[in-house]
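# Overview (structure and organization)
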Amino acid sequence: MVETLSIAVIGAPGVGKTSIIRQFIYNDFSEVYTPTRSRYVYRPAVILNGNMYELKILDVPPISSFPSSSSQEWLDLRCRGVRNANAYILVYDICCVESFEYVKMIRQQIVEHREGSSSEVPILVVGSKRDLQRQRFTPRRAVSVLVKKTWKCGYVECSAKFNWHVILLFKELLGIAVSRGMRQNHTSIRLQGALQRNRCAIM
């Protein structure tokens, strides 16, 4: 039986959430911005050390806040499945400080409202649009130190446009999940590439 890992991808409007997901799954990037207005689910498969897992990737539209209760989650169609996700990818635009403030708010709300021990929930903060790094609002190191040392989250920067570090960020997230004991003991994770046709990544 194939095990499922649910990953919620959350971020402010226009940060590139959908572009990152589609680059990972389809090796595809569009220059045309289309706002995410409803929750969409992608189901690629990955192989970790010979074991296959199905990823349930939730492309979450911009939400005003992380649902504080199960009832609030089910009242808003955009939030369905967000509270019970196995892991979170919080995306911000490295050129937009407001998008980082949004991620900061959502992360804090996950810590406060997530059922069970929030410290066990893998959270990866992703700085998108690395190809525009000359326009970034603050040096990479400043954000990396805050996220890793203070928030205790993973941190990766990527460019969906040039497919730079896109696969790496999913590898990083799964690495965090494994290290926190969410799945059986995998001593190593090796990612060799995404197979576009059957949407399967070998790790």
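For the structure given in this document, a descriptive report is provided here. (Residues numbered from 1 in each chain as written. Predicted model: local features only at pLDDT ≥ 70, side-chain atom pairs only at ≥ 80, totals over all residues. Heavy atoms only, no water.)

## Here's the deal with the overall build of the protein
- On a plain count of helices and strands, the protein comes out with five helices and nine strands.
- Order of helices (α) and strands (β) in the protein, N terminus to C terminus: β-α-β-β-β-α-β-α-β-α-β-α-β-β.
- By the burial criterion, 46% of the 203 residues in the protein qualify as buried.
- Taking the contacts inside the protein whose residues are at least 6 apart along the sequence as the reference set, 66% of them involve residues at least 24 apart.
- Looking at the protein as shown, the accessible area adds up to about 10300 Å², and 49% of this sits on carbon and sulfur atoms. (Helix = DSSP H or I, 4+ residues; strand = E, 2+ residues; numbered from the N terminus. Buried < 20%, exposed > 50% of the residue type's maximum accessible area, 1.4 Å probe, protein only. Contact = heavy atoms within 4.5 Å. Areas by Shrake-Rupley, 256 points an atom, 1.4 Å probe, with all protein chains shown as cover.)

## Quick notes on the pattern of salt bridges
- Going through the model one piece at a time under the given rule, you end up with nine salt bridges.
- Across the pair Asp 28 and Arg 22 runs a salt bridge whose closest N-O atoms are separated by 3.4 Å.
- We classify Arg 22 as partly exposed; its relative accessible area is 31%.
- In this structure, the salt-bridge partner of Glu 101 is Lys 104, at a minimum N-O distance of 3.4 Å. Taken as a pair, Glu 101 and Lys 104 lie in helix α3 (residues 97-113) at a separation of three residues, close to a single helical turn. (Salt bridge = Lys/Arg side-chain N within 4 Å of Asp/Glu carboxyl O.)

## Here we look at empty space enclosed by the protein
- This structure, assessed with the given rule, holds two cavities of 30 Å³ or more.
- Computed from the structure, the second largest cavity encloses a volume of approximately 30 Å³.
- In terms of lining, the second largest cavity is formed by Leu 5, Ser 6, Ile 7, Asn 86, Ala 87, Leu 173, Leu 174 and Ala 177.
- Elements with a contribution of two residues or more to the lining of the second largest cavity: β1 (3-11) and α5 (166-179).
- Of the residues in the lining of the second largest cavity, the class split is six nonpolar, two polar and no charged. (1 Å grid on protein atoms, 1.4 Å probe; cavity = no way out; pocket = protein on both sides within 12 Å on 5 of 7 lines; lining within 4 Å. Points joined across faces, edges and corners; volume = space filled by probe spheres on them. Nonpolar A, V, L, I, M, F, W, Y, C, P; charged D, E, K, R; others polar.)

## Some remarks on a positive patch on the surface
- On the surface, Arg 141, Lys 148, Lys 149 and Lys 152 cluster together into a positively charged patch.
- As for its placement among the helices and strands, Lys 149 is situated in helix α4 (residues 140-150).
- Of the residues examined, Lys 149 reaches a relative accessible area of 60% and is grouped as exposed. (Patch = residues over 30% accessible without salt bridge, like charges linked within 9 Å, V, L, I, M, F, W, Y side chains within 5 Å. Lys, Arg positive; Asp, Glu negative; His and termini not counted. Charge placed at Lys NZ, Arg CZ, Asp CG, Glu CD.)

## Overview of the layout of surface pockets
- The volume enclosed by the largest pocket comes to roughly 690 Å³.
- Considering every element that reaches the lining of the largest pocket, the biggest residue donor is helix α1 (residues 17-26), with five residues.
- Tallied by class, residues from the lining of the largest pocket come to 14 nonpolar, ten polar and nine charged.

## A short note on the side chain of Ser 6
- Here Ser 6 shows up in strand β1.
- Those residues in contact with Ser 6 that lie beyond four places of it in its chain are Lys 56, Leu 58, Ala 85, Asn 86 and Ala 87.

## Examining the pairing of strand β6 (residues 123-128)
- In terms of residue burial, β6 counts as a mostly covered element, since six of its six residues are buried.
- Of the two faces of β6, the one carrying Ile 123, Val 125 and Gly 127 and the one carrying Leu 124, Val 126 and Ser 128 are both buried.
- Here strand β5 (residues 87-93) runs beside β6; their pairing, made up of six bridges, is parallel. The residue bridging Leu 90 from the neighbouring strand is Val 125, located in β6.
- Where β6 meets strand β7 (residues 154-157), four bridges bridge the pair, whose relative direction is parallel. (Pairing = 2+ DSSP bridges.)

## What about the nonpolar core?
- Ranked by size, the top nonpolar core spans 55 residues in total, and within it Ile 10, Ile 20, Ile 57, Tyr 88, Ile 89 and Leu 169 carry the most contacts.
- What Ile 10 contacts, discounting residues up to four positions off in sequence, is Lys 17, Val 60, Val 82, Tyr 88, Ile 89, Leu 90, Val 91, Tyr 102 and Ile 106. (Core = buried A, V, L, I, M, F, W, Y, C linked by side-chain atoms within 4.5 Å.)

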